[in-house]
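# Observations on the model geometry
Chain by chain, the residues:
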Amino acid sequence: MTTLPLDIRQLEKTFGSKRVLRGVDLQLPAGTVLGLLGRNGCGKTTLIKCALGLLRPTAGQATVLGDDAWHLSAESKARLGYVPQEVVSYPWMRVRQVIAYTAAFYPTWNQPLVDALCRRWQLPLEDRVGPLSVGQLQTLGIVLALGHEPELLVLDEPVASLDPSARRQFLRVLLDILDEADAAGNRRRSILFSTHITSDVERVASQVAILQDGKIRFHGELGELKDRVKRLRITAPADLPASFSVPDALDVEIDGSVATVSVNNFSDRLVGELRETWNVEITVHDLNLEEIFVEMHGG
Amino acid sequence: MTASANLFEINPSSGVPIYRQLIEQVYALVAGERLRPGDMLPSVRQVARSAAVNPMTVSKAYSRLEAEGVVQRVRGQGMRVVKPPKTAPLRKRREQFRMLAHAAIVRARQLGLNESQIREVLNEVTDAILQEHT
């Protein structure tokens, strides 16, 4: 059996009286790019830190590359790349020196890759780290996390401080990394990144997980989510009765003879049943990830 | 010949999943004869790279197309277009058109058109388009 790069079971984390994580289950299959979505302050960073052994969970467990997260071995750490939300580095060093310093910790370090990334992202190698902008610092963090070509790459809001063109470049690099792994065959890389920018998830993620109220509300393929969550515009010949309802609706708005309903379990059959039961006309509208996210959080 | 990867127009932020956009576009390209039997689809890698989307998503679309009998996997070469795909059953096509027409007519009502005005416009449009194609 192959071990999952990341395996989180019934994870709970409480800060004082605040229960941030209330039993999170999340498995990351090898070769997957998973986008972790959630509102600001919903616990994405806490989840990532617990998953990587940077915070001790209150209950439950997390394993990284088959290793218990709280007792990660040096071997597992060498196969893991992590970019925190706020990159902390050594302000007195030059960019070039920070890279050399970090490289020394790893038995495998791909300097040509690092050089190429620094050029592509125009990192000022001779500048000191201290005065770098937040975006530059984040870019540096990403370069440092990619240098040892980790099997599992975890990024907490990786693009939050990047400008749109740097963001697009970064997404391409993520895809290149996956692509290289595919070409090499056996070592399949996996990526988990948290974000609240849904369009980035739509582009590169093959799976999406939505963290809400301390639990994973949805985890699956992005295409599956878009196939499942739809908005129905329902028109009746007369005012809809007070008893009008749709099973598993995320949101229902009724205005006289017209209703707008978001459903979580769309199927042609559901539409057929609604038509027959209520004698209504129905049009189906696709929702993109941002709209789905908003619907799931109550509009 | 192998079709170019720019053949596809992907919009990741659409409500239509990327794999479905790819499937629909292959069908459309075949119907419009821009892809002919024997042509090779661009490789998963090329499409993923040119559209900056996840290769797994492209590969999912290709597998579906293979299952639907539109393309055939040729070992070491990729996906070959085999034949014009069967069109969806009439019931399904009618349903698709019905939804489009519904939206248009609801809009017409919002614009304040009455029944005869709506029917008149529909007839005009139908005539114009059908004439153009005969």
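Residues numbered from 1 in each chain as written. Chains lettered and ligands numbered in written order. Predicted model: local features only at pLDDT ≥ 70, side-chain atom pairs only at ≥ 80, totals over all residues.

## Focus: the domain arrangement of chain A
Residue and element names in this part refer to chain A. Test applied: For the domain bounds, the source is a domain assignment made automatically or taken from a database. Any two residues are considered in contact once their C-beta atoms, placed from the backbone, lie within 7 Å. Counting from the N terminus, the helices are the DSSP runs of H or I reaching at least four residues and the strands are the DSSP runs of E reaching at least two. Three classes are used, and their members are as follows: Ala, Val, Leu, Ile, Met, Phe, Trp, Tyr, Cys and Pro are nonpolar, Asp, Glu, Lys and Arg are charged, and the others, Gly among them, are polar.
Assigned domains of chain A: these are domain 1 (6-224) and domain 2 (229-296). Taken together, the contact between domain 1 and domain 2 spans seven residues of the former and five residues of the latter. Every element with two or more residues in the side of domain 1 that touches domain 2 is listed here: helix H7 (198-204) and strand S9 (207-212). Here the side of domain 1 that touches domain 2 takes three residues from H7, the largest share from any one element. Partitioning the side of domain 1 that touches domain 2 into residue classes produces three nonpolar, two polar and two charged.

## As for the pairing of strand S10 (residues 215-221) of chain A
Residue and element names in this part refer to chain A. Definition in use: Strand pairing is defined by DSSP finding a minimum of two bridges between the two strands.
Where S9 meets S10, six bridges bridge the pair, whose relative direction is antiparallel. The residue of S10 that forms the bridge with Gln212 is Lys215. What sits between the antiparallel neighbours S9 and S10 is a turn of two residues, in which Asp213 has the positive phi angle 50°.

## Section: the sheet that holds strand S5 (residues 67-68) of chain A
Through backbone hydrogen bonds, the strands of a sheet pair up, either in parallel or in antiparallel fashion. All names here are of chain A. Pairing is antiparallel in the open sheet, where four strands are placed in the order S2-S1-S4-S5. Each edge of the open sheet carries a strand with a single partner, namely strand S2 (18-28) and S5. Across two bridges, the pairing between strand S4 (residues 59-64) and S5 is antiparallel. Residue Thr63 lies in a different strand from S5, and its bridge partner there is Asp68.

## Here we look at the confidence of the model for chain B
Stated precisely, the cut-off is as follows: Think of pLDDT as the predictor's per-residue confidence, scored from 0 to 100.
Overall, the prediction assigns chain B a mean pLDDT of 86, with 94% of residues at 70 or greater. ipTM for the predicted complex: 0.76, alongside a pTM of 0.79.

## Points about the packing of helix H1 (residues 18-31) of chain B against helix H3 (residues 55-67) of chain B
Residues and elements named next belong to chain B. We count it as follows: Lines fitted to the C-alpha atoms define the axes, with helices restricted to the stretch that makes contact. Angles between their N-to-C directions range from 0 to 180 degrees. Our angle categories are set so that under 35 degrees counts as roughly parallel, over 145 as roughly antiparallel, 65 to 115 as roughly perpendicular, and the remainder as oblique. Working rule for handedness: look at the near helix, and if it is turned counterclockwise from the far one by less than a right angle, call the crossing left-handed; if clockwise, right-handed.
Contact geometry of H1 with H3 gives a least axis separation of 8 Å together with a crossing angle of 45°. Classified by the interaxial angle, the pair formed by H1 and H3 is oblique. Read as a crossing pair, H1 and H3 show a hand that is right-handed. Of the residues in H3, those in contact with Ile18, Tyr19, Leu22, Ile23 and Val26 of H1 are Thr57, Val58, Lys60, Ala61, Arg64 and Leu65.

## Notes on H1(B)
Residues and elements named next belong to chain B. Here is the rule we go by: Helices are assigned an expected span. That span is 1.5 Å times one less than the residue count. Any residue surrounded by 20 or more other C-beta atoms within 10 Å of its C-beta is treated as buried, while 12 or fewer makes it exposed and the intermediate range makes it partly exposed; C-beta atoms here are placed from the backbone.
The end-to-end C-alpha distance of H1, which contains 14 residues, comes to 20 Å, matching closely the 20 Å that a straight helix rising 1.5 Å per residue would cover. Within H1, the full set of buried residues consists of Ile18, Tyr19, Gln21, Leu22, Ile23, Val26 and Val30. Immediately downstream of H1, the backbone of Glu33 shows phi near 60°, a positive value.

## Side note on the environment of A:Leu6
Residue and element names in this part refer to chain A. The residue Leu6 is located in strand S1 (residues 6-15) in this model. Residue class for Leu6 comes out buried when judged on the 25 C-beta atoms lying within 10 Å of it. The sequence separation of Leu6 and Val33 amounts to 27 residues, and the corresponding C-alpha distance is 12 Å. In contact with Leu6, not counting residues within four places along its chain, are Leu28, Ala51, Val64, Leu152 and Leu192.

## Looking at helix H5 (residues 134-146) of chain A
Along its 13 residues, H5(A) runs 18 Å from first to last C-alpha, staying within 8% of the 18 Å computed at 1.5 Å per residue. For H5(A), the full list of buried residues reads A:Gln136, A:Gln138, A:Thr139, A:Leu140, A:Gly141, A:Ile142, A:Val143, A:Leu144 and A:Ala145.

## A look at the interface of chain A and chain B
Contact with chain A, which involves 25 residues of that partner, is made by 21 residues of chain B. Counting only elements with at least two residues in the side of chain A that touches chain B, the list comes to helix H6 (164-184), H7, helix H8 (222-228) and strand S14 (281-286) of chain A. If you tally residues by element for the side of chain A that touches chain B, the top one is H6(A), at seven residues. Here the side of chain A that touches chain B is built from residues that sort into nine nonpolar, six polar and 10 charged.

## A short note on the sheet that holds S14(A)
Spatial strand order, S12-S13-S11-S14 (chain A): four strands in an open sheet with antiparallel pairing. On the outer flanks of this sheet lie strand S12 (249-255) and S14 of chain A, each paired with one strand and no other. Averaged over all adjacent pairs, the angle separating strand axes in this sheet is 15°, with direction ignored. Relative to S14(A), strand S11 (residues 230-235) of chain A runs antiparallel, the two being bridged by six bridges. Bridge assignment links A:Thr235 to a residue of S14(A), and that residue is A:Glu281. Contacts between helix H4 (residues 90-110) of chain B and the sheet are confined to S11 and S14 of chain A, with S14(A) contributing the most and set at about 100° to the helix.

## Some points on the domain arrangement of chain B
Think of interface size as the accessible area that goes away when the parts come together; that is how it is often given. By domain assignment, chain B separates into domain 1 (5-81) and domain 2 (90-132). Between domain 1 of chain B and domain 2 of chain B, the C-alpha centre-to-centre distance is 32 Å.

## Things to note about the pairing of strand S3 (residues 33-37) of chain A
All names here are of chain A. Of all the five residues making up S3, five are buried; the element is thus mostly covered by neighbouring parts of the structure. Summarising the sheet, S3 and strand S8 (residues 190-195) pair through five bridges and their orientation is parallel. Looking at S8, one finds that Leu37 is bridged to Thr195. Pairing between S3 and S9: four bridges, direction parallel. Opposite Leu36, over in S9, you have Ala209 as the bridge partner.

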